[in-house]
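Next come the chains, spelled out residue by residue.
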Amino acid sequence: MASKLDEIPLLAIEGGEKKKIVVHVDENDDETTRIDAISGTRSVVLWPFDFVLILIEFIQLYDVLAILSKSWAWPFAWIDASRFVHVANLDAWEVALLQSGAYLSKNAPVHSADVRIGDATFDYRYYVVAWTGIVLFAAFAFLLAHAIVACIQPIDVLLYRARVRRILAYAAQILCLPFGIAVARLFHCTTETQDGIPEGRLNVFNNITCWSKDHWIYITPPTLILLLCLWIVPLVMIRGIKEQLFSKSGSRHEGYVQLKEAEYVLGMDLMWAVGNFSLFSSFRRRGVFYRPIICLVKCLVIVFFAGLTRWPEVQIIAISSTFFLVGLLFLALRPFRLPIFNILVICLWIVLTCYGVIGILLELNVENSLLTGRFLLGDVIAITAAGLLTLIVSLCYMCTRHCRARDSATRPPLWPSLTHSASGTLDKNTSKYLKAILRGRRALEASRVVAPTLAPAHELSHHIQIINAYCREAEQLDDPIHDTLWDLLDELIEAHSNVFSDSIYSTSSKSNLHRVARELNELMPAFRKRLDQREYDFALVSRVRRRMLLKMYIIGMFVNGRAEKAKLKQQKVDIKVGYLTPDVEKESTLTLGDSDVDTDNDTLLEKVEELMGGTGDSKEDLLREVENIMGEKDSPV
């Protein structure tokens, strides 16, 4: 493509005249490709969080089947051995039910008074109140964190707010199903009189009659809060994702996401963080609504769990069908950007569907030797082993791939990254354009953080010419990143127009201009910091004397010359200036290397003021005056 670029007439903007020039874009130049070797302090790698979230969601959905299995009777040995899965849903009721021995068999009724924690009876009313308090506390903590950030107003206020929203999003995805199960049990009522439990009583609290006044009091507040959570959370996610979607094209979406990730990692932009990119940057364009879909699936599971208790066959069929349809949907979409996650998610939904199929067969009383005794236990163990094997193999693969890519620059990274030299997830031309955009963004940011006098107008001009060439090339190739190139070109032209008249680099054409400009711009922050420290140190010194000391130091640097720079760095220069107040006579000692000169304070002040007035017209006069002040003809200042 370099030969085509050389033939494209470009618009030169230096000097305010339009002329045709030729820009050579060397992709192998260290100066232009050094962006690839930069390792930012921020991270956009989300695969560990995604894996943990997938694992938690799988265990939570399996826990729903484990709760329902008490009606179709999985082997008791399996139910007892897998009681730890109830921890994923923070389901204290199920844990207490198994530990207290209140659950005996498939058809045996459960007396709420027999469910105990230690010596105390498990009161489900307090349990629901506690869950409601947790949800309200999380919402209050979120609002309080927003208020605190707004009041304090730190420098990165938008970044702090984005982190709070991200934590709340993860918490909402994890807690919505446990809270829904806790509330759904309030809809479970006995259908017939069994073993002293009258019909129409709550299963979890036999002293309350279903749909009585007390029942409505306990069921209304948590149900309203649950409905708000189940609908507001997905709607907020969908709205936040829609606001940041760039295009319906998969390639354009991938390029846009990688560009924003690279800008965030390199510290050029915070859009990835403040724009809720963590909600959808793990997914392809066709799978960006994965997380809202999972929330809606959990909502359906809660509805089926709460409302179909009287018809257990319909209940398990509805839940199993939901798992099967979701698995087919993800098989068609393959939502994740990492292929290993697509394999993992599809396999886990198939495992959940297999659990549900066994439940359907048991609930319908299908006669088969594989559904009885130890054969049934073997079936459940085999399905569980398949799910665990998939999880372990996926985790080992991701960890190994991530470590190898981190230690080697030639291996492609696990997470698609624009800043990695071995990343091949995008088209070659698209990757080239995106890297040029990153370099242009860096030049644009560099011009904004310095004074207009020191703004790198030459670099802006260089990047304008390159982006201009890439815009024309991308237009001919119909590349998906074409619009982004045009946007950057407009910003570069506007920035160049603002600094061109003031920048010292606008009209210079020296061959070493890039090196000098880079060195000067690197020194400017340290110089500014040193001047601020000097102002603080000399806060009690008058302005005239501060200027006098600074001029003396600068004169000394110019007089000594470049040849003495290395020597001055090794020497310990200790200038002790006593009280310079004219009305206080005190001996002042000036130490430069090995020469000490004692002079009268008034005479020194007069001579220095005379020197600062610029009486010397040449370098020889300046040297002579400095030597007269110091009192030694043969010793340089």
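A.B. asks: Would you take a moment to explain the nonpolar core for this structure?
C.D. replies: The tendency in soluble globular proteins is for nonpolar side chains to be buried side by side. Core analysis: the largest hydrophobic core is formed by 97 residues, its most contacted members being Trp74, Tyr124, Phe341, Trp349, Leu352 and Tyr355. Sorting elements by how many residues they give to this core places helix H13 (residues 339-363) first, with 13 residues. Discounting chain neighbours no more than four positions away, the residues touching Leu352 are Phe58, Leu61, Tyr62, Leu65 and Phe323. With 26 residues, the next largest nonpolar core counts Leu460, Ile466, Leu492 and Ala495 among its residues.

A.B. asks: Quick question: what am I supposed to make of the pattern of salt bridges here?
C.D. replies: When the charged atoms of two side chains lie near each other, side chains of opposite charge can form a pair. All told, the structure shown has 13 salt bridges when counted by the stated rule. Lys298 is the salt-bridge partner of Glu57, the closest N and O atoms lying 3.7 Å from each other. With a gap of 241 residues between them, Glu57 in helix H3 (residues 47-72) and Lys298 in helix H11 (residues 290-307) connect regions that are remote in the sequence. Assigned by exposure class, Glu57 and Lys298 land together as buried.

A.B. asks: Sorry if this is basic, but what is going on with the state of the cysteines here?
C.D. replies: Here, disulfide denotes a covalent bond that connects the sulfur atoms of two cysteines. Under the counting rule described, the total for this entry stands at one disulfide. Put simply, Cys189 and Cys210 are joined by a disulfide, and their sulfur atoms are 1.9 Å apart. One quick way to see it: the torsion about the S-S bond of Cys189 and Cys210 is about -115°, and its sign makes the bridge left-handed. On the criterion of sequence distance, the pair formed by Cys189 in the loop between helix H7 (157-184) and helix H8 (213-244) and Cys210 in the loop between H7 and H8 is long-range, its members being 21 residues apart.

A.B. asks: Looking at this structure, I do not really get empty space enclosed by the protein. What am I missing?
C.D. replies: Leftover empty space is mapped by rolling, across the atoms, a probe with the size of a water molecule. Counted by the stated rule, this structure contains eight cavities of 30 Å³ or more. In this model, the second largest cavity occupies a volume close to 90 Å³. Residue assignment for the lining of the second largest cavity shows that the elements contributing at least two residues are H3, H11 and H13. Tallied by class, residues from the lining of the second largest cavity come to nine nonpolar, no polar and one charged.

A.B. asks: How should helix H15 (residues 428-448) be read in this particular structure?
C.D. replies: Given 3.6 residues per helical turn, the α-helix brings residues three or four places apart onto the same face. Between its first and last C-alpha, H15 extends 31 Å over 21 residues, near the 30 Å set by a 1.5 Å rise per residue. Within H15, 16 of the 21 residues are buried, leaving the element largely enclosed by the surrounding structure.

A.B. asks: What's the story with the packing of H7 against H8 in this structure? I'm lost.
C.D. replies: When two helices pack together, their arrangement is given by the angle between their axes and by how far apart the axes lie. In the contact formed by H7 and H8, the axes pass within 10 Å of each other and the chain directions differ by 150°. When the axes of H7 and H8 are compared, the pair comes out roughly antiparallel. Crossing hand, H7 versus H8: left-handed. Contacts from Ala169, Ala172, Gln173, Cys176, Phe179, Gly180 and Val183 in H7 reach Pro222, Thr223, Ile225, Leu226, Leu230, Val233 and Met237 in H8. Residues of the contact of H7 with H8, tallied by class, amount to 11 nonpolar, three polar and no charged.

A.B. asks: Please explain a nonpolar patch on the surface as it appears in this structure.
C.D. replies: Where nonpolar side chains cluster on the molecular surface, the patch consists of Leu224, Leu227, Trp231, Leu235 and Leu296 and spans about 500 Å² of accessible area. At four residues, the largest contribution of residues to the nonpolar patch is made by H8. For Trp231, the position within the fold is in helix H8.

A.B. asks: Just to check I follow, could you spell out helix H5 (residues 92-99) for this structure?
C.D. replies: By the burial criterion, the buried members of H5 are Trp93, Glu94, Ala96, Leu97 and Leu98. Of the surrounding secondary structure, the elements contacted by the buried residues of H5 are H3, helix H4 (76-81), strand E3 (116-117) and helix H6 (124-152).

A.B. asks: It is not clear to me how the side chain of Arg285 should be interpreted in this structure. Could you clarify?
C.D. replies: Structurally, the position occupied by Arg285 is in the loop between helix H10 (271-274) and H11. Look at Arg285: it is buried, it has no salt bridge, and the nearest opposite charge is Glu254 at 11 Å.

A.B. asks: What should I look at first to understand the confidence of the model for the protein chain in this one?
C.D. replies: The predicted coordinates ought not to be read in detail in places where the model reports low pLDDT. A residue-level look at the protein chain finds 74% of positions with pLDDT of 70 or above and a mean pLDDT of 75. Contacts of residues 1-24 to residues separated by more than four positions or lying in other chains number 45 contacts, the stretch itself having pLDDT below 50. For the stretch residues 26-40, pLDDT sits under 50, and the model shows 18 contacts to residues farther than four places along the chain or on other chains.

A.B. asks: Mind showing me how you'd approach the environment of Val345 here?
C.D. replies: Tracing the backbone shows Val345 in helix H13. Here the alpha-carbon distance between Val345 and Gly327, two residues 18 residues apart in the chain, equals 8.0 Å.

A.B. asks: When you look at the packing of H15 against helix H17 (residues 482-499) in this model, what are you seeing that I'm missing?
C.D. replies: Two elements in contact, H15 and H17, have axes whose closest approach is 10 Å; the angle formed by their N-to-C orientations is 25°. Regarding the angle of H15 to H17, the classification is roughly parallel. Note on packing geometry: the crossing formed by H15 with H17 is left-handed. On H17, the residues that touch Tyr433, Ile437, Gly440, Arg441, Leu444, Ser447 and Arg448 of H15 are Thr484, Leu485, Leu488, Glu491, Leu492 and Ala495. Across the contact of H15 with H17, the residue classes break down as seven nonpolar, three polar and three charged.

Reading guide: rules and limits
- Residues numbered from 1 in each chain as written.
- Predicted model: local features only at pLDDT ≥ 70, side-chain atom pairs only at ≥ 80, totals over all residues.
- Heavy atoms only, no water.
- Core = buried A, V, L, I, M, F, W, Y, C linked by side-chain atoms within 4.5 Å.
- Buried < 20%, exposed > 50% of the residue type's maximum accessible area, 1.4 Å probe, protein only.
- Helix = DSSP H or I, 4+ residues; strand = E, 2+ residues; numbered from the N terminus.
- Contact = heavy atoms within 4.5 Å.
- Salt bridge = Lys/Arg side-chain N within 4 Å of Asp/Glu carboxyl O.
- Disulfide = S-S within 2.5 Å.
- 1 Å grid on protein atoms, 1.4 Å probe; cavity = no way out; pocket = protein on both sides within 12 Å on 5 of 7 lines; lining within 4 Å.
- Points joined across faces, edges and corners; volume = space filled by probe spheres on them.
- Nonpolar A, V, L, I, M, F, W, Y, C, P; charged D, E, K, R; others polar.
- Expected span 1.5 Å × (residues − 1).
- Axes fitted to C-alpha atoms, helices over the stretch in contact; angles between N-to-C directions.
- Parallel < 35°, antiparallel > 145°, perpendicular 65-115°, else oblique.
- Left-handed = near helix turned anticlockwise from the far one by under 90°.
- Patch = residues over 30% accessible without salt bridge, like charges linked within 9 Å, V, L, I, M, F, W, Y side chains within 5 Å.
- Areas by Shrake-Rupley, 256 points an atom, 1.4 Å probe, with all protein chains shown as cover.
- Lys, Arg positive; Asp, Glu negative; His and termini not counted.
- pLDDT = per-residue confidence, 0-100.

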